[in-house]
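Structure assessment
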Amino acid sequence: SMIIDAHAHLGHDYVFDEEITEEELITQYRKDHVDGAIIQPFISRPYIEETKAYHNRIAEFCDAGKGLFYGMASINPHFKDEEVYDELKRCVKELGFVGVKITPIAHAVNPASKDGMKIFDMARELKITVMVHTGSGAPFSDPMMILPAAKQFPDVKIVIAHAGTDLLKSEAVFLTKTYDQIYIEPSWLGISATKAVIESCGVNKVMFSSDHPRNVPMELLKYRNLISDSEDLERVLSGTVIEAFELKTK
């Protein structure tokens, strides 16, 4: 069955001092028989030129991977409106990206703020999905900060990254159950909390994601232990992400 990682990073992260290379991703995916992924940048230095360079690197990686690799933009929402819009439009129209990420802790942005909400507005126009980091970085990273966008943009699909983590899981589950357009990805979530998310939200709303290559085997093991039905497992490992990001799987 097909496996697509909903949440992968590439590059150097200047906020969290992390680095993931193309080789690391490919090696890990081959090892664990992962067919593809949605690749997003790590947090660049806060300049539009560096942001563009990160996006270009991802586009090259996804082209080289041929097939089930897709790009996701990550742009500091506090850049000038026209800079954010122009780059997001370029990512979608020229590079073929399928989503945009808001990282409240690293972008210092509240998704419910004016600059946060403009991302959802642009996503609606460009017909892409918005992934929002939740968990660490509260209060901005509290899943409930997504509520105004969920209400205002019913036609924009939203993915709650990290399911609020164990601490704010209930808020993430509430939103996912309440809004048709909201999906949940429980990377780094403990096994019991992940079980609760699957039971509460159903497999049609839950997607496999790693956030880091070394986390890939752990996340896969989580779902294989929790889900016995093969169709349900396939839905979580690839079906949900295909629906949430409207992926063309060729």
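We now turn to the structure provided with this report. On a predicted model such as this, the values are computed, not experimentally measured, just so you know. (Residues numbered from 1 in each chain as written. Predicted model: local features only at pLDDT ≥ 70, side-chain atom pairs only at ≥ 80, totals over all residues. Heavy atoms only, no water.)

Some details on the side chain of Asp211
Note on placement: Asp211 falls in the loop between helix 8 (191–201) and helix 9 (216–226). Separated by 3.0 Å, the side chains of Asp211 and His9 make a polar contact. Excluding residues within four positions of it along the chain, Asp211 makes contact with Asp5, His7, His9, Ile20, His162, Ser187 and Trp188. (Helix = DSSP H or I, 4+ residues; strand = E, 2+ residues; numbered from the N terminus. Polar contact = N/O pair within 3.5 Å; in protein donor to acceptor, adjacent residues only side chain to side chain. Contact = heavy atoms within 4.5 Å.)

With respect to a negative patch on the surface
There is a patch of like negative charges on the surface, built from Asp229, Glu231, Asp232 and Glu234. Here Asp232 is to be found in helix 10 (residues 230–244). Asp232 gets classed as partly exposed once you look at its relative accessible area, which sits at 31%. (Patch = residues over 30% accessible without salt bridge, like charges linked within 9 Å, V, L, I, M, F, W, Y side chains within 5 Å. Areas by Shrake-Rupley, 256 points an atom, 1.4 Å probe, with all protein chains shown as cover. Salt bridge = Lys/Arg side-chain N within 4 Å of Asp/Glu carboxyl O. Lys, Arg positive; Asp, Glu negative; His and termini not counted. Charge placed at Lys NZ, Arg CZ, Asp CG, Glu CD. Buried < 20%, exposed > 50% of the residue type's maximum accessible area, 1.4 Å probe, protein only.)

With respect to the pairing of strand 5 (residues 99–102)
Taking every second residue as pointing to the same face, both faces of strand 5 are buried, with Gly99 and Lys101 on one and Val100 and Ile102 on the other. Relative to strand 5, strand 4 (residues 69–74) runs parallel, the two sharing three bridges. Looking at strand 5, one finds that Met72 is bridged to Gly99. Once the chain exits strand 4 it traverses helix 3 (residues 81–93) before rejoining the sheet at strand 5, and the crossover so formed is right-handed. (Pairing = 2+ DSSP bridges. Right-handed = clockwise from strand over helix to strand, strands pointing away.)

A closer look at a nonpolar patch on the surface
Taken together, the side chains of Val15, Phe16 and Ile105 present a nonpolar region at the surface, about 240 Å² in accessible area. With respect to the helices and strands, Val15 occurs in the loop between strand 1 (4–13) and strand 2 (18–20). Take Val15: its relative accessible area is 41%, and that puts it in the partly exposed class.

Some words on the sheet that holds strand 1
Strand order in the open sheet formed by eight strands is 2-1-3-4-5-6-7-8, with mixed pairing between adjacent strands. Only two strands of the sheet have a single partner each, and these edge strands are strand 2 and strand 8 (182–185). Looking at each pair of strands side by side, their axes are set apart by 35° on average, direction ignored. Pairing of strand 7 (residues 158–161) with strand 8 involves four bridges; the strand directions are parallel. Bridge pairing in strand 8 links Ile158 to Ile182. In the packing of helix 1 (residues 22–31) onto the sheet, the strands contacted are strand 1, strand 2, strand 3 (36–41) and strand 4, and the crossing angle to strand 1 comes to about 155°. (Axes fitted to C-alpha atoms, helices over the stretch in contact; angles between N-to-C directions.)

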